Amino acid sequence: MGNVGSYKLLALDMDGTLLDDDKKISVENREAIQEATKTGKIVIMSTGRGAVSAMPYIQELGLTSPLVVVNGSEVWESPTKLLKRTLLPAETVLNLHSLALTYDCWWWAYSVEGVFNRESEAMDIDRQEWLKFGYFTENMEKLQQIRDIVEGWGTLEITNSHPSNIELNPLGISKASGVETVCQLLGINMSEVIAMGDSENDIAMIREVGLGVAMGNAQDEVKRIADITTVTNNEHAIAKVIRTYMLEK
């Protein structure tokens, strides 16, 4: 762990971390983020969400910094400028989609054009550029069977953003690879970064930065690998971490 003030960048997961259970940013968290950016610290979102659903929150915070979205499949230099995009092959998405049909479970998929799911009528898989695929089922046995199958392919980064889902990105693409790309862009070391999250898709990023923070509401595995565990997403955790580790007393 570095000294207070030695951290230059804060990478934040959104759902279950920055956002409370009502999907809102608390006044305390917003004020602390604005205080940090005023002193020259950089705050970025690092989320499983696509850019479109992350943007309203980024605008609410007044951020113009880079962002990592769709678990790292896209890295944006600023909210208006894409820096890097890594695609899932259409053939892989066809295979993932047919697994969802076989196991009869809810699925969703992010393409460059938007989000598709089980209720999407017209989806021409071959004509889209794909970024991420996901499954959701509360049947844990079914979820594990799907996970075992896709693990066997050896071509995908497999995580979750909730205990009842699986999220799939191209192999080697994660929030950690996204944050690393942002660090290279800004000339910052990963050791100068604090990352906060609550789910399996945050683990790589939490493990590879200078200070990895698990939320109080995080999955056990996240708490196990984090440097510290803070309060929950309903208790202004971001403000607490910024004031403790980023701002000089």
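Here the structure is a predicted model, which means the values were calculated and not measured.

About the criteria used
Residues numbered from 1 in each chain as written. Predicted model: local features only at pLDDT ≥ 70, side-chain atom pairs only at ≥ 80, totals over all residues. Heavy atoms only, no water. Helix = DSSP H or I, 4+ residues; strand = E, 2+ residues; numbered from the N terminus. Expected span 1.5 Å × (residues − 1). Buried < 20%, exposed > 50% of the residue type's maximum accessible area, 1.4 Å probe, protein only. Contact = heavy atoms within 4.5 Å. Pairing = 2+ DSSP bridges. Axes fitted to C-alpha atoms, helices over the stretch in contact; angles between N-to-C directions. Parallel < 35°, antiparallel > 145°, perpendicular 65-115°, else oblique. Left-handed = near helix turned anticlockwise from the far one by under 90°. Nonpolar A, V, L, I, M, F, W, Y, C, P; charged D, E, K, R; others polar.

## Observations regarding helix α3 (residues 90-103)
Piece 1. With 14 residues, α3 ought to run about 20 Å at 1.5 Å a step, and its terminal C-alpha atoms sit 20 Å apart, in line with that.
Piece 2. Looking only at α3, the buried set comprises A90, T92, V93, L96, H97, L99, A100 and Y103.
Piece 3. The elements touched by buried residues of α3 are β6 (106-111), β8 (130-136), α4 (140-153), β9 (156-159) and β10 (165-170).
Piece 4. Trailing α3 by a residue or two, D104 shows a phi angle of about 50°, which is positive.

## Re the environment of M14
Piece 1. With respect to the element layout, M14 can be found in the loop between β1 (9-12) and α1 (27-38).
Piece 2. The class for M14 is buried, based on a relative accessible area of 0%.
Piece 3. Linking M14 and T47, residues 33 residues apart in sequence, is a C-alpha distance of 5.8 Å.
Piece 4. Once you skip the residues sitting within four places of it in the chain, M14 turns out to touch L19, M45, S46, T47, R49, A54 and Y57.

## With respect to the sheet that holds β8
Piece 1. Taken together, five strands build an open sheet; the order of strands is β7-β6-β8-β10-β9 and the sheet is antiparallel. Strand pairing shows two members of the sheet lacking a second neighbour, β7 (115-117) and β9, which therefore form its edges. Each strand of the sheet is rotated relative to its neighbour by a mean of 20°, with strand direction disregarded.
Piece 2. In the sheet, β8 pairs with β10 via four bridges, with the strands oriented antiparallel. Its bridge partner lying in β10, G134 is registered against E167.
Piece 3. Strand contacts of α3: β6, β8, β9 and β10, with the helix running at about 15° to β8, the strand carrying the most contacts.
Piece 4. Of the strands in this sheet, β8, β9 and β10 are in contact with α4, which crosses β9 at around 155°.

## Topic: the packing of α1 against helix α8 (residues 237-245)
Piece 1. Viewed as axis vectors pointing N to C, α1 and α8 meet at an angle of 30°, and their least axial separation amounts to 7 Å. Regarding the angle of α1 to α8, the classification is roughly parallel. Seen from above, α1 lies across α8 with left-handed handedness. The segment α1 lies against α8, with E28, N29, E31, A32, I33, E35 and A36 engaging A237, I238, A239, I242 and R243.
Piece 2. Classifying every residue of the contact of α1 with α8 by side-chain character gives seven nonpolar, one polar and four charged.

## Digging into the environment of A32
Piece 1. Mapping A32 onto the fold places it in helix α1.
Piece 2. Residue class for A32 comes out buried when judged on its relative accessible area of 0%.
Piece 3. Each C-alpha atom, one on A32 and one on E167, is 31 Å from the other, the two residues being 135 residues apart in sequence.
Piece 4. When residues no more than four places from it in sequence are discounted, the contact partners of A32 are A239, I242 and R243.

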